[in-house]
Amino acid sequence: MLRVGLHTSAMPTLNRAQLFELSVRVLRGAGASEVEAACVAAELRDANLVGHDSHGVMRLVQYMQMVQDGHVQLGSRFEILKEGPAFALADAHFNFGQVAATQALDIALRKVKAAGTATVFVRNCNHIGRLGSYTDRAARQGCVGMMSVNSPAGGGVAPYGGIDRKLGTNPICIAAPIGNESLVLDMTTSATAEGKLRVSHQKGEQIAPGLLIDHEGRPSTDPADFYRDPPGAILPLGGDMAHKGYGLSVMIDVVCGIVSGSGIARADLPRGANGVWLYLIDIEHFISRDEYDHWMAKYVPFLRSSRTLPGVSEILLPGEIEVRRQKQRDADGVKLPDETWRQIQETAARLGVVVSDLATP
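Every value quoted in this text rests on a predicted model; they were computed, and no experiment measured them. (Residues numbered from 1 in each chain as written. Predicted model: local features only at pLDDT ≥ 70, side-chain atom pairs only at ≥ 80, totals over all residues. Heavy atoms only, no water.)

Colleague: So what's going on with the side chain of arginine 59? Which residues, and what values?
Modeller: Position of arginine 59 relative to the elements: it lies in helix α3 (residues 59–68). Classification of arginine 59 by relative accessible area gives buried; the value is 4%. Of note is the side chain of arginine 59, whose polar atom sits 2.8 Å from the backbone oxygen of serine 54. Each residue touching arginine 59, except ones within four places of it in the same chain, is listed here: Leu44, Ser54, His127, Glu194, Gly195 and Arg198. (Helix = DSSP H or I, 4+ residues; strand = E, 2+ residues; numbered from the N terminus. Buried < 20%, exposed > 50% of the residue type's maximum accessible area, 1.4 Å probe, protein only. Polar contact = N/O pair within 3.5 Å; in protein donor to acceptor, adjacent residues only side chain to side chain. Contact = heavy atoms within 4.5 Å.)

As structure tokens, then:
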């Protein structure tokens, strides 16, 4: 077994290459193939770089526990169950979600170029990471992309007016081309993502009001209430209008869970299992790209021309903050919270993997 030296300096910083290498080492140490490790590592790295630390290398600890518990089936086959010119239904057989989602996107991109639209459902899929990563890739190939996933019952979100965990965070994402880049809307139908609670919990920070209730249904700003036994619950998106976020979450459960065959309200699904719905539209099948770009060139300045509220300096587009964060983090690296780094090192140590050489204080 390799000797593991623990790095104890505060807030270690990792650059792009180090984030990738960290994940590859841990994943390979757990028995993932070179291809599987590279796929998952790239998604975790990119999530950190765009500022979504909730879906970055922090997830290694969770994923390795899922491997240990048998919830991730390394090397399992991505099986096409049904297929037509513009659709496919696949079973991921509980491999890493990023591996399955990447294969689903590849299938959808092939089909959409021939048929104009493509729909791919994936059942029995583990956590796929940041949805915006996949739809962004589709947008950069001339498509409008929509993606959504559901989670098994008990995923952490209370129904509107309820206290108990009955829904997942059930995110939905839509991306579209804008020049050589993309507009990306990536949002949960809950008031916050579970991973964001985890980041705040590991940093020892409080969260904003209106996101969480404790086990008795009382409003809470302490993320630890979500992880206590008995646990609290995340609220649906929308504040005083949370019935809208709740309703959207329910319909995502129906489409992603039932239509995919992954199911909802099932006790036999491993923790983290998702039903995935991916839908692509090839713009050129409907209007020319020149016409699309012409209207987009008018639309963006129209939005930005709005007068701004006090304290607001500019009107931003969906996904624009992430683009700016990536440029900044590519230059400066990503600071990991002390607790995140400690947990990753402990996980690496159990696998006999050295990671302490990767971070700089």
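Colleague: Before we move on, could you go through the sheet that holds strand β5 (residues 143–150) and cite the residues and values that matter?
Modeller: Strands sit in the order β2-β3-β4-β11-β5-β6-β7 across an open sheet of seven strands; the sheet is mixed. Lying at the two open borders of the sheet, with one neighbouring strand each, are β2 (79–84) and β7 (181–187). Here the average twist between neighbouring strands, direction ignored, is 10°. The sheet contact formed by β2 and strand β3 (residues 87–91) spans five bridges and is antiparallel. Its bridge partner lying in β3, glycine 84 is registered against phenylalanine 87. Strand contacts of helix α4 (residues 97–115): β2, β3, β4 (117–125), β5 and β11 (274–282), with the helix running at about 160° to β4, the strand carrying the most contacts. (Pairing = 2+ DSSP bridges. Axes fitted to C-alpha atoms, helices over the stretch in contact; angles between N-to-C directions.)

Colleague: Explain the pairing of β5 to me, and be specific about the residues and the numbers.
Modeller: Counting buried positions along β5 yields seven of eight residues, so the element is predominantly enclosed. Relative to β11, β5 runs antiparallel, the two sharing eight bridges. Bridging from a neighbouring strand, asparagine 150 pairs with glycine 275 of β11. In the sheet, β5 pairs with strand β6 (residues 172–178) via four bridges, with the strands oriented antiparallel. By the bridge assignment, methionine 146 is partnered in β6 with isoleucine 174.

Colleague: Outline the pattern of salt bridges, listing residues and values.
Modeller: Pairing is possible between side chains that carry opposite charge, provided their charged atoms lie close to one another. Overall, the coordinates contain 21 salt bridges when judged by the stated rule. Between glutamate 83 and lysine 111 there is a salt bridge, and its shortest N-O distance comes to 3.0 Å. With glutamate 83 in strand β2 and lysine 111 in helix α4, the pair connects residues that are 28 residues apart, well separated along the chain. Here glutamate 83 falls in the exposed class, since its relative accessible area comes to 52%. Judged by its relative accessible area of 11%, lysine 111 is buried. The salt bridge involving arginine 228 is made with aspartate 222; its shortest N-O contact spans 3.5 Å. Here arginine 228 falls in the partly exposed class, since its relative accessible area comes to 42%. Shared partners join several salt bridges into a network, and the residues in it are Arg304, Glu314, Glu320 and Arg324. (Salt bridge = Lys/Arg side-chain N within 4 Å of Asp/Glu carboxyl O.)

Colleague: Please set out the environment of lysine 111 residue by residue, giving values where relevant.
Modeller: Considered as a pair, lysine 111 and valine 355 are 244 residues apart in the sequence and their alpha carbons are 41 Å apart. The contact partners of lysine 111, leaving out residues within four places of it in the chain, are Glu83, Gly84, Pro85, Ala86, Phe87, Ala88, Gly116, Thr117 and Ala118.

Colleague: Give a detailed account of the sheet that holds strand β9 (residues 219–220), specifying residues and quantitative values.
Modeller: Pairing is antiparallel across the open sheet formed by three strands, whose spatial order is β9-β8-β10. The sheet is open, and its two edges are formed by β9 and β10 (233–234), each paired on a single side. Summarising the sheet, strand β8 (residues 212–213) and β10 pair through two bridges and their orientation is antiparallel. Looking at β10, one finds that leucine 212 is bridged to isoleucine 234.

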